[in-house]
Amino acid sequence: MTVRVPEELAFLLPPRDRPARARRLRADPDATLGHLVRAAGVPPTEVGGLRLDGRPAGRSARAAPGGVVDVLAVARPEPAAPGGFLLDVGLGALARRLRLLGLDAAWSNDAGDAELAARARDEQRTLLTQDRGLLMRRGVRGALVRGARPDDQLADVLDRFAPALAPLTRCTACGAHLTPVAKAEVADRLPAGTRRTYDDFSRCTACGRVYWRGAHAARIDRLVRRARRPDR
Ligand SMILES: [Zn+2]
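Parameters at a glance
- Residues numbered from 1 in each chain as written.
- Predicted model: local features only at pLDDT ≥ 70, side-chain atom pairs only at ≥ 80, totals over all residues.
- Heavy atoms only, no water.
- Helix = DSSP H or I, 4+ residues; strand = E, 2+ residues; numbered from the N terminus.
- Buried < 20%, exposed > 50% of the residue type's maximum accessible area, 1.4 Å probe, protein only.
- Contact = heavy atoms within 4.5 Å.
- Areas by Shrake-Rupley, 256 points an atom, 1.4 Å probe, with all protein chains shown as cover.
- Lys, Arg positive; Asp, Glu negative; His and termini not counted.
- Charge placed at Lys NZ, Arg CZ, Asp CG, Glu CD.
- Donors = N, O, S within 2.8 Å, 3.2 Å for Na, K, Ca; no water.
- Tetrahedral: all angles 85-135°; square planar, octahedral: opposite > 155°, others 65-115°.
- Phe/Tyr/Trp six-rings, centres within 6.5 Å; stacked < 30°, edge-to-face > 60°.
- Domains from an automatic or database assignment.
- Buried area = accessible area lost by both parts, 1.4 Å probe.
- Polar contact = N/O pair within 3.5 Å; in protein donor to acceptor, adjacent residues only side chain to side chain.
- Pairing = 2+ DSSP bridges.
- Axes fitted to C-alpha atoms, helices over the stretch in contact; angles between N-to-C directions.
- Core = buried A, V, L, I, M, F, W, Y, C linked by side-chain atoms within 4.5 Å.

*Asks:* How would you explain the overall build of the protein chain if you had to name every residue and give the values?
*Replies:* Tallying secondary structure elements over the protein chain gives eight helices and twelve strands in all. Dimensions of the protein chain, computed from C-alpha atoms along their principal axes, come out at roughly 75 × 35 × 25 Å. Expressed as a percentage of its 232 residues, the buried residues of the protein chain come to 46%. Counting only contacts in the protein chain whose residues sit at least 6 apart along the sequence, the fraction spanning at least 24 positions is 56%. When the accessible surface of the protein chain is summed, it comes to about 12,000 Å², and 49% of that surface belongs to carbon and sulfur atoms. Of the side-chain charges in the protein chain, 41 are positive and 27 negative, and the distance between the mean point of each set is 2 Å.

This is the structure in structure tokens:
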């Protein structure tokens, strides 16, 4: 049997199979298309549809010996899960960027795989990871994040889910909501230059961190501009 993938998913195949974008697998009459696609190295979260010998087919279909399974990539943008995002341990920098843009991005630096998968299910979050094994777990809704640098990862997530952005409404440190606060209340915690220059402040409702637009405006503008430019 052969599993074929589109160009954008070729990186999931072993290097020798990438040029042809096809992986041959030993025939197994019991294997569903879902099993075959996993065996080829493609997590279910990256599958937008399947074809068996040229016809649309479901994940539970079975291929006859010599069958050809075509994997279709997920159409972008796709809706994110209603509970927000949950990021894998290694994606802390991406979590801060998502929060800066106002997105619900849960992250902790010590969550194990089983814990992440369970939390994503329980809280109906989209699990963002670069660990394919995590996405192979049953029932996980998520995405394999492309890109080595956090800015590229952010661009990938914004391109894939096209979420509505609300910059400077969440704490980048803990992810909780910010609420406006009077300058007088936070003046003693501000650097002198900031105290002189800015008048609008907000404070994290959970950890108390203070934010002002000036400190982040340029960075936010740059992130959004870069993320939305298709050729970046
Ligand atoms: Zn906070």
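*Asks:* Give a description of the coordination of the zinc ion that names residues and reports values.
*Replies:* Looking at the zinc ion, one finds its protein donor set to be C171 (SG), C174 (SG), C204 (SG) and C207 (SG), positioned 2.3 to 2.4 Å from the metal centre. Metal-centred angles of 97 to 125° between the four donor atoms at the zinc ion mark the site as tetrahedral. One chain supplies every donor for the zinc ion, spaced along it as C-x2-C-x29-C-x2-C. What makes C174 partly exposed here is its relative accessible area of 34%.

*Asks:* Explain unusual backbone geometry to me, using residue names and the numbers behind them.
*Replies:* For the bond from R76 to P77, the omega torsion is -5°, close enough to zero to count as cis. Along the chain, P77 turns up in the loop between β5 (68-73) and β6 (85-87). We note that A162 has phi near 40°; this positive angle belongs to a residue other than glycine. Mapped onto the fold, A162 is located in the loop between α5 (150-161) and β10 (178-181). A positive phi is found at L168, a non-glycine position, where the angle reads about 60°. Mapping L168 onto the fold places it in the loop between α5 and β10. Here L168 falls in the buried class, since its relative accessible area comes to 15%.

*Asks:* Can you break down the packing of aromatic side chains residue by residue, with the values?
*Replies:* The tally for this structure, following the rule as stated, stands at two aromatic pairs. With centroids separated by 5.5 Å and ring planes inclined at 70°, the aromatic side chains of F85 and F161 adopt a geometry described as edge-to-face. Pair noted here: F85 is in strand β6 and F161 is in helix α5, with a separation of 76 residues, a long-range link. Classification of F85 as buried rests on a relative accessible area of 3%.

*Asks:* Please set out the domain arrangement of the protein chain residue by residue, giving values where relevant.
*Replies:* Entries for the protein chain in the domain assignment read domain 1 (2-73) and domain 2 (85-228). Computed over C-alpha atoms only, the centres of domain 1 and domain 2 are separated by 34 Å. On the side of domain 2, ten residues touch domain 1, which itself brings eleven residues to the contact. Contact with domain 2 buries surface across domain 1, with R38, T45 and E46 losing the most and accounting together for 53% of the total.

*Asks:* Which residues make up the side chain of D156, and what are the values?
*Replies:* Structurally, the position occupied by D156 is in helix α5. Within polar-contact distance, the side chain of D156 engages the side chain of R76 at 2.9 Å.

*Asks:* Could you give an account of the sheet that holds β10, naming the residues involved and the relevant values?
*Replies:* Taken in spatial order, the three strands make up an open sheet running β10-β11-β12, and their pairing is antiparallel. Of all the strands in the sheet, just β10 and β12 (210-212) have a single pairing partner and so form its edges. Taken over all neighbouring pairs, the strand axes of this sheet differ in orientation by 40° on average, direction set aside. Summarising the sheet, β10 and strand β11 (residues 201-204) pair through four bridges and their orientation is antiparallel. Across the sheet, residue V181 finds its bridge partner in β11, namely F201.

*Asks:* Can you tell me about helix α2 (residues 92-100), naming the residues and giving the values?
*Replies:* Burial of α2 is extensive: seven of the nine residues sit out of reach of the surface. Every buried residue of α2 is listed here: G92, L94, A95, R97, L98, R99 and L100. Positive backbone phi, approximately 90°, marks G102, located one or two places after α2.

*Asks:* Summarise the nonpolar core; cite the residues concerned and give the values.
*Replies:* The biggest cluster of nonpolar side chains holds 31 residues, and the ones touching the most others in it are L36, V69 and V71. A domain-level breakdown of this core finds at least three residues from each of domain 1 (2-73) and domain 2 (85-228). Of all hydrophobic cores here, the second largest spans 26 residues; its members include L154, F161, Y211 and I220.

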